[in-house]
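Overview (structure and organization)
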Amino acid sequence: MGSNSSRIGDLPKNEYLKKLSGTESVSENDPFWNQLLSFSFPAPTSSTELKLLEEATVSVCRSLVVNNPRTGNLGALIKVFLSRTKELKLSAECQNHIFIWQTHNALFIICCLLKVFICEMSEEELQLHFTYEEKSPGSYSSDAEDLLEELLCCLMQLITDIPLLDITYEISVEAVSTMVVFLSCQLFHKEVLRQSISHKYLMRGRCLPYTSKLVKTLLYNFIRQEKPPPPGAHVLPQQSDGGGLLYGLASGVATGLWTVFTLGGVGSKAAATPELSSPLANQSLLLLLVLANLTDAADTPNPYRQAIMSFKNTQDSSPFPSSIPHAFQINFNSLYTALCEQQTSDQATLLLYTLLHQNSNVRTYMLARTDMENLVLPILEILYHVEERNSHHVYMALIILLILTEDDGFNRSIHEVILKNITWYSERVLTEISLGSLLILVVIRTIQYNMTRTRDKYLHTNCLAALANMSAQFRSLHQYAAQRIISYTCRHLRRYVYVLDKLYFPHYHCSTLQHCFSTLSDNGEELLSLTCSHILRSYASSLFSLLSKKHNKVLEQATQSLRGSLSSNDVPLPDYVITFFSSRLLQAGAELSVERVLEIIKQGAVALPKDRLKKFPELKFKYVEEEQPEEFFIPYVWSLVYNSAVGLYWNPQDIQLFTMDSD
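Residues numbered from 1 in each chain as written. Predicted model: local features only at pLDDT ≥ 70, side-chain atom pairs only at ≥ 80, totals over all residues. Heavy atoms only, no water.

Attention now moves to the overall build of the protein chain. Secondary structure assignment for the protein chain yields 29 helices and four strands. A burial count over the protein chain gives 56% of its 663 residues as buried. Considering only residue pairs separated by 6 or more positions, the protein chain has 74% of its internal contacts joining residues 24 or more positions apart. Counting only carbon and sulfur atoms, one obtains 50% of the accessible surface of the protein chain, whose full area is about 29000 Å². (Helix = DSSP H or I, 4+ residues; strand = E, 2+ residues; numbered from the N terminus. Buried < 20%, exposed > 50% of the residue type's maximum accessible area, 1.4 Å probe, protein only. Contact = heavy atoms within 4.5 Å. Areas by Shrake-Rupley, 256 points an atom, 1.4 Å probe, with all protein chains shown as cover.)

Right, let's talk about the environment of Tyr 480 for a bit. Residue position: Tyr 480 is located in helix H23 (residues 479–503). Separated by 47 residues in sequence, Tyr 480 and Ile 433 have C-alpha atoms that sit 9.5 Å apart. Apart from the residues lying within four places of it in its own chain, the contact partners of Tyr 480 are Tyr 425, Glu 427, Arg 428, Leu 430 and Leu 441.

Membership of the largest hydrophobic core comes to 187 residues, with the highest contact counts inside it found for Phe 81, Leu 202, Leu 438 and Trp 638. For this core, the element with the most residues is helix H6 (residues 97–120), which contributes 14 residues. Residues contacting Trp 638, with those up to four places away along its chain left out, are Val 180, Leu 183, Ser 184, Gln 186, Leu 187, Val 290, Leu 657 and Phe 658. (Core = buried A, V, L, I, M, F, W, Y, C linked by side-chain atoms within 4.5 Å.)

All right, on to unusual backbone geometry then. The backbone of His 326 shows a phi angle near 60°, a positive value even though the residue is not glycine. As for its position among the elements, His 326 is in the loop between strand E1 (312–313) and strand E2 (329–330). Backbone geometry places Gln 628, a non-glycine residue, at a positive phi of 55°. In this structure, Gln 628 sits in the loop between helix H28 (594–607) and helix H29 (630–644).

On to the packing of aromatic side chains, then. The full count for this structure, using the stated rule, is 15 aromatic pairs. Members of the aromatic cluster, joined through ring pairs, are Tyr 353, Tyr 395, Tyr 623, Phe 632, Phe 633 and Tyr 636. If you follow Lys 312 out to its NZ or CZ, it ends over the ring of Phe 320, 4.2 Å from the centre. Positioned over the ring face of Tyr 384 is Arg 445, at 4.1 Å from the centre of the ring. (Phe/Tyr/Trp six-rings, centres within 6.5 Å; stacked < 30°, edge-to-face > 60°. Lys NZ or Arg CZ within 6 Å of the ring centre and 35° of its normal.)

Next up on the list: the side chain of Ser 172. With respect to the secondary-structure elements, Ser 172 resides in helix H9 (residues 169–182). On the basis of relative accessible area, Ser 172 is assigned to the buried category, the value being 7%. Beyond its immediate chain neighbours, meaning those up to four positions away, Ser 172 contacts Leu 158, Leu 164 and Leu 280.

A word on the environment of Arg 584. Positionally, Arg 584 belongs in helix H27 (residues 575–588). Separated by 13 residues in the primary sequence, Arg 584 and Val 597 place their C-alpha atoms 9.7 Å from one another. If we ignore the near neighbours within four places in the chain, the residues touching Arg 584 are Ile 600, Gly 604 and Ala 607.

Moving on, we get to the side chain of Asn 293. Looking at the secondary structure, you find Asn 293 in the loop between helix H13 (279–292) and helix H14 (303–310). Non-local contacts of Asn 293, meaning those with residues more than four positions away in its chain, are made with Asn 302, Arg 305, Phe 633, Ile 634 and Val 637.

Turning our attention to the packing of helix H8 (residues 147–161) against H9. H9 packs onto H8 with a crossing angle of 140° between their chain directions and a minimal axis gap of 9 Å. The orientation of H8 with respect to H9, classified from their angle, is oblique. The crossing of H8 and H9 is left-handed. Across from Leu 148, Leu 152, Leu 155, Met 156, Leu 158 and Ile 159 in H8, the residues of H9 making contact are Ile 171, Ser 172, Ala 175, Val 176, Thr 178, Met 179 and Phe 182. (Axes fitted to C-alpha atoms, helices over the stretch in contact; angles between N-to-C directions. Parallel < 35°, antiparallel > 145°, perpendicular 65-115°, else oblique. Left-handed = near helix turned anticlockwise from the far one by under 90°.)

Within the secondary structure layout, Tyr 488 lies in helix H23. In this structure the C-alpha to C-alpha distance between Tyr 488 and Gln 448, which are 40 residues apart in sequence, comes to 8.1 Å.

Turning our eyes to something else, we now look at H29. Spacing of three or four residues puts side chains on the same side of an α-helix, whose turn is 3.6 residues. Here H29 contains 15 residues, and its C-alpha end-to-end distance of 20 Å stays within 8% of the 21 Å for a straight helix at 1.5 Å per residue. Restricting attention to buried positions, one finds in H29 the residues Glu 630, Phe 633, Ile 634, Pro 635, Tyr 636, Val 637, Trp 638, Ser 639, Leu 640, Val 641, Tyr 642 and Ser 644. The inward-facing, buried residues of H29 abut H9, H13, helix H16 (346–358) and helix H19 (391–405). (Expected span 1.5 Å × (residues − 1).)

What follows is the structure, encoded as structure tokens:
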């Protein structure tokens, strides 16, 4: 480090870093800090270089771990940074590039040191390093300054109060990254942490008043998707030796530390995500998800989750109830647009799920939108490309659909939205189809993929629940969608019959496959009966598929077998409908065109004795989180941080929270 440019491999030998981590105390007023913070080395642009930077940092940090209790140099560095941040806002207004650049460098070093400290030591040891106080020999003081809390408060102020300009973009990203690093102690524990320094500092004390402002700022960072400053936006003179980082940090070159780090290595998928257009938005979203999924403290609910649950639209003028803490307002239209545009990433889908599930204001607003196709189509595309997505992303997308289908207004309106030329749907050319019919096709395709590949009982159950919620509102179905409903039901009824009659699985057998089939036996026939009754009212051409010889025999065999396996003898089965319409077709003659068959079905639908069909209650399923949802969400969120965070690297061998070969 220092004013001379360096290579990453030379960092352990750097004289300034050796002095920082050595046995000599350095006062916070020493000119050494200006020299240290004027460092320059080529910015890492690959995961390999990022790993090298981590390894170089570890050697310096371990030396500092040994010597800092005597020197207090870490505390001095933090105090230098804290003193500089008091002038940061004025420096931004005055375009003081050098001052902001050096302040960024100070925070960059602190972040690197903090990351290794958290990985290498217990929380108790970490706090001792941050509560160092210089004492004269023989003196005693019980009021040690807690620099860690002061640092966190300073980071929150930096994120929320410093205007986002070209010259402050990098330090804003670094501030968010440092907060993520502070929370990363969870990565090194197998069990979900329910009491930690995160709870101590972020849920009470001096940091608590910043809760709503921080959440609001992070949301707006995601909404705005601000790109890093273009090359040459604020260039400082480049050093004669080609100095890399001095030029890079000051000029905002797009290949700098804060933009292009896409983590490879163990636990990540190659080319899983495109290059980030907005590192600040990505980093802010990850921090927001980490904060939202912190467990409640022993005596305090998570204030960041409370803020996410209660914020309102800027157009909502009603007062907040006094019982709601950390409330704020945000532009829902901008939030909706950003969520629609960003659903290619796991973290954006997880944010959408979080808001729909936990914030009733957001859910009501979204369900009232007249352009729901902008939100639903990206979700359907995630499910359609299930083979290319990780299982958690698919599951979140499906749960979002289930939450949406709990609303009858949504289930009606999706059949009124007509889409043209869905290019990503490749099984069949769909030149014109309703959003509702497309949703049915994609959900059925997901069920079939699950039955043949993953065989996940929760995925299967939630797919059927979404179809059941929609079934009462089926209207004007696309003929292909109607065919898929019937063929899917017949195919899996046939499989269930095979399981019962050929394999002789006992009913208490609890394998995943048996669960899927038993779910179908419990809900599938009821779903088919409901579908038939709504088809009779709304779309006669669908019955053409039901009456085809291809499915008639299967239905007859399946319903006979199901009669024997179900406890009730008076369950109305679809064969009554088949018999009724088949007889009318036989009376009409042998050679019938498709148009004539459809005409007979429409006439028969009017004449069908409705009293012979027992009416099922409408099937309604509501999504409810499992008990202790943090056991799922906390590892999931941190796996996203590990794979997607900008400019942060952790040694995969140190990770304890999740397995490195998981999605």
